[in-house]
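# Summary of the model geometry
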Amino acid sequence: MASWYPESTDPVKGLFVRKHAIQMAQLHDVCVVYFEMHDGSAYGERIINDFQGLTEHIITIPRPSSFFELLKSVASMNSRLLKLIRDSELKFDFIHLNVVYPAGVFMYPAIIKSGLPLLITEHWSGYFLEDSRYFKLASWKKWVITKLLKRAVAVTAVSDVLRKRIADVFGLTDKTVVVPNVVTMPAENKSFHKNVSNV
């Protein structure tokens with residue numbers, strides 16, 4: 001499940017997240033779920049099977065124009081994710097949340113109800129004081145982010161600087177590891193494979 005992923009209107013958004021998925025699909029079956037919101041869009045779902053071992057569910061929902069519509073959208077998104085987990089021919093071993101905010105915040109009920117182990121990969125600079133977007137979020141959003149990070153069996157970060165920052169802010173010193181962004185990942189890249197196997 002991704003907070004950033006290529007969209008029909010922005011094919012570069014989260015491209016590195018898709019490259020992570022493509023690389024991991026060489027070793028495991030991977031199912032990506034991404035919800036994209038657009039003004040005036042109708043609900044729809046595209047299922048993409050361009051790569052062996054990778055299935056992408058790109059679900060489009062109309063951008064809510066009111067708080068009530070937002071609640072309906074969040075309920076629909078959580079219901080869709082749970083249905084996919086329970087009804088899919090794939091047997092899910094865990095949920096991999098790629099960037100906690102915003103996807104994890106709004107999908108929190110489904111993540112908890114699924115009962116699956118949670119792995120988090122974080123790229124977001126919002127935890128740094130120079131950026132500080134995390135600290136400007138509503139209290140309930142920060143509460144959910146903290147709950148998810150503490151619930152995760154492991155938290156990977158794309159740099160050691162980010163790993164240390166997450167560990168400091170959330171007290172996660174015992175379960176953070178660095179896995180760098182992927183462009184191409186040859187089999188001989190021992191550092192990447194060693195870190196992934198440690199997770």
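Residues numbered from 1 in each chain as written. Predicted model: local features only at pLDDT ≥ 70, side-chain atom pairs only at ≥ 80, totals over all residues. Heavy atoms only, no water.

Below, the discussion takes up the overall build of the chain. Looking only at helices and strands, the chain has 7 helices and 7 strands in total. For the chain, the α and β elements follow one another from N to C terminus as α-β-β-β-α-β-α-α-β-α-β-α-β-α. Computed over C-alpha atoms, the radius of gyration of the chain comes to 17 Å, within 12% of the 16 Å expected from 2.2 N^0.38 for 199 residues, which places it in the range of a compact globule. Each principal axis of the C-alpha atoms in the chain carries an extent, and together these give about 45 × 40 × 30 Å. For the chain, the residues scored as buried account for 48% of the 199 residues in total. Taken as a whole, the chain presents about 10,700 Å² of accessible surface, with 56% of it coming from carbon and sulfur. (Helix = DSSP H or I, 4+ residues; strand = E, 2+ residues; numbered from the N terminus. Rg over C-alpha atoms; globule rule 2.2 N^0.38 Å. Buried < 20%, exposed > 50% of the residue type's maximum accessible area, 1.4 Å probe, protein only. Areas by Shrake-Rupley, 256 points an atom, 1.4 Å probe, with all protein chains shown as cover.)

A separate point is the confidence of the model for the chain. The predicted model of the chain averages 87 in pLDDT, with 90% of residues at 70 or higher. When pLDDT is averaged over each element of the chain, helix α5 (residues 139–151) comes out on top at 96 and helix α7 (residues 190–198) at the bottom at 52. (pLDDT = per-residue confidence, 0-100.)

Once that is clear, we can look at the nonpolar core. One finds L97, I120, Y127, I145, L148 and L149 to be the most contacted residues of the largest nonpolar core, which totals 41 residues. Per-element accounting of this core gives the leading share, 5 residues, to helix α2 (residues 67–87). (Core = buried A, V, L, I, M, F, W, Y, C linked by side-chain atoms within 4.5 Å.)

This part takes up the pairing of strand β3 (residues 54–62). Extensive coverage of β3 is indicated by the burial of 8 of its 9 residues. Here strand β1 (residues 30–38) runs beside β3; their pairing, made up of 9 bridges, is parallel. Looking across to β3, one finds that E36 is bridged to T60. Relative to β3, strand β2 (residues 44–51) runs antiparallel, the two being bridged by 6 bridges. From the neighbouring strand, R46 faces β3, where its bridge partner is I58. The hairpin turn running from β2 into β3, its antiparallel successor, is 2 residues long, and G53 in that turn takes a positive phi close to 85°. (Pairing = 2+ DSSP bridges.)

Okay, α2 next. Compared with an ideal rise of 1.5 Å per residue, which puts 21 residues at 30 Å, α2 spans 30 Å between its outermost C-alpha atoms and is within 8% of the ideal. When α2 is considered as a whole, its buried residues turn out to be S73, V74, M77, N78, R80, L81, L82, L84 and I85. Looking at the buried residues of α2, the elements they touch are β1, β2, β3, β4 (95–98), α3 (103–106) and α4 (108–114). (Expected span 1.5 Å × (residues − 1). Contact = heavy atoms within 4.5 Å.)

The volume enclosed by the second largest pocket comes to roughly 360 Å³. Lining the second largest pocket are 18 residues, and of these F35, M37, M77, P102 and F106 sit closest to its centre. Of all the secondary structure elements, the ones that give two or more residues to the lining of the second largest pocket are β1, α2 and α3. Looking at the lining of the second largest pocket residue by residue, the classes come out as 13 nonpolar, 1 polar and 4 charged. (1 Å grid on protein atoms, 1.4 Å probe; cavity = no way out; pocket = protein on both sides within 12 Å on 5 of 7 lines; lining within 4 Å. Points joined across faces, edges and corners; volume = space filled by probe spheres on them. Nonpolar A, V, L, I, M, F, W, Y, C, P; charged D, E, K, R; others polar.)

A few words on the sheet that holds strand β5 (residues 118–122). What the 4 strands build is an open sheet, ordered β4-β5-β6-β7; its pairing is parallel. Both outer strands of the open sheet, β4 and β7 (176–178), are each paired with one neighbouring strand and no more. On average, each strand axis in the sheet is inclined to that of its neighbour by 25°, with strand direction left out of account. (Axes fitted to C-alpha atoms, helices over the stretch in contact; angles between N-to-C directions.)

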